[in-house]
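# Fold and contact review
Residues per chain are reported as follows:
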Amino acid sequence: MVLQKLDRYAKALIKEAGTKIRHSFASELAIESKADANDLVTNIDKEIEQFFIKHIRTDYPEHLILGEEGFGDNLSTLDGYVWLLDPIDGTMNFIHQQRNFAISLGIYKDGVGVLGYIYDVMHDELYSSQKGSGAYLNDEPIPVLEPTTISEAIIGLNASWVIPNPYIENEGLIRLVKDARGIRSYGSAALELAYVATGRIDAYMSMRLSPWDIAGGAVIAEEVGAVATNLKGQKLQFLGQDTFLVARKSLHDSLLSNYISLK
Ligand code: IPD
Ligand code: CA
Ligand code: CA
């Protein structure tokens, strides 16, 4: 009952935020760089995070918020209810393409993901799930994933991990590029998680993601039988950056044992 009410509330906020983002294209964006020249943020990323926080603070004052743009709380634990929010995941796509970005939100209770959302704003597609109740794309249930093999799989992988890099032995990923049916890179970790959950791709991995990129998607993916861990095969923790892998169970095992070797 509590979660149903929270679910309706979160969905309403997400939809309203999506409308604001679509309307934002009418005015000029203010674009800044963060950690490096290609790590972008806009006034809209910040406004949308503040929009969520203003409402959550009023309506659920005991809940805490971890947001990418830093307007929420400084957390050292995930005790109680915590909203893990990326107001725009795929900001580079938002700026350059005006599509292929999402609102990513997970609501966690004592460290366990209880509600997950990924909203593809431009397609008006809301992926959602409540732990234990299956996953949905808008109002349609998302079917549980069937097993597949590497040779029939499409893998979500950023090309920057296939060239020599400080994090992973790139020879293993070169083999994966050869062995898999196809490789895709969409530029939004949240959307790539949604695509794994709906079987549009079969796996997605990254060397470095933050809790707000994956918190919503992890709840959704688990409900359809996908496995999400870091690249050591360990349970996800949602307080800091880590490597990431989500895939159908059989692929997850095969990727970890045959293709992934961290430096
Ligand atoms: C980024 C996107 C991108 C992933 C980066 C993330 P942002 O999020 O999810 O696909 O490769 O690691 O930081 O900055 O657009 O919210
Ligand atoms: Ca992000
Ligand atoms: Ca973001």
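A brief structural summary. (Residues numbered from 1 in each chain as written. Chains lettered and ligands numbered in written order. Predicted model: local features only at pLDDT ≥ 70, side-chain atom pairs only at ≥ 80, totals over all residues. Heavy atoms only, no water.)

Of the protein atoms, only Asp86 (OD), Asp89 (OD) and Asp213 (OD) coordinate the calcium ion (ligand 2), at distances of 2.1 to 2.2 Å. Of note, the calcium ion (ligand 2) draws all its donor residues from one chain, in the sequence arrangement D-x2-D-x123-D. The distance between the calcium ion (ligand 2) and the calcium ion (ligand 3) comes to 3.7 Å, and Asp86 binds to both of them. For Asp86, a relative accessible area of 1% corresponds to the buried category. (Donors = N, O, S within 2.8 Å, 3.2 Å for Na, K, Ca; no water. Buried < 20%, exposed > 50% of the residue type's maximum accessible area, 1.4 Å probe, protein only.)

Another aspect to go through is unusual backbone geometry. In the Ramachandran plot, Gln98 falls in the positive-phi region, its phi being about 55 degrees despite a non-glycine side chain. For Gln98, the location among the structural elements is in the loop between helix H3 (91-96) and strand S5 (102-109). Given a relative accessible area of 35%, Gln98 falls into the partly exposed group. The phi angle at Asp110 is positive, at roughly 50 degrees, despite the residue not being glycine. (Helix = DSSP H or I, 4+ residues; strand = E, 2+ residues; numbered from the N terminus.)

Contacts to ligand 1 come from Glu68, Asp86, Ile88, Asp89, Gly90, Thr91, Gly187, Ser188, Ala189, Arg208, Leu209 and Asp213. At a separation of 3.1 Å, an oxygen atom of ligand 1 approaches a polar backbone atom of Gly187. At three residues, strand S4 (residues 81-89) tops the list of elements feeding residues into the shell around ligand 1. Partitioned by chemical class, the residues of the shell around ligand 1 number three nonpolar, four polar and five charged. Each of two domains, domain 1 (2-141) and domain 2 (150-258), supplies a minimum of three residues to the shell around ligand 1. (Near = heavy atom within 4 Å. Polar contact = N/O pair within 3.5 Å; in protein donor to acceptor, adjacent residues only side chain to side chain. Nonpolar A, V, L, I, M, F, W, Y, C, P; charged D, E, K, R; others polar. Domains from an automatic or database assignment.)

Let us look at the coordination of the calcium ion (ligand 3). Coordination of the calcium ion (ligand 3) by the protein involves Glu68 (OE), Asp86 (OD), Asp86 (OD) and Ile88 (O), with metal-donor separations of 2.2 to 3.0 Å. Mapped onto the sequence, the residues coordinating the calcium ion (ligand 3) show the spacing E-x17-D-x1-I. On the basis of relative accessible area, Glu68 is assigned to the partly exposed category, the value being 24%.

The seven strands are arranged S3-S4-S5-S6-S7-S8-S9 in an open sheet whose pairing can be described as mixed. Since the sheet does not close on itself, it has two edges, and those belong to strand S3 (64-67) and strand S9 (140-141), each with one partner. Where strand S7 (residues 125-130) lies against strand S8 (residues 135-137), three bridges are found, and the strand directions are antiparallel. Opposite Ser128, over in S8, you have Tyr136 as the bridge partner. Running over the sheet, helix H5 (residues 189-197) touches S4, S5, strand S6 (112-120) and S7 and is turned about 100 degrees from S6. Together, S3, S4, S5, S6, S7 and S8 form the strand contacts of helix H6 (residues 211-223), whose direction differs from that of S6 by roughly 105 degrees. (Pairing = 2+ DSSP bridges. Contact = heavy atoms within 4.5 Å. Axes fitted to C-alpha atoms, helices over the stretch in contact; angles between N-to-C directions.)

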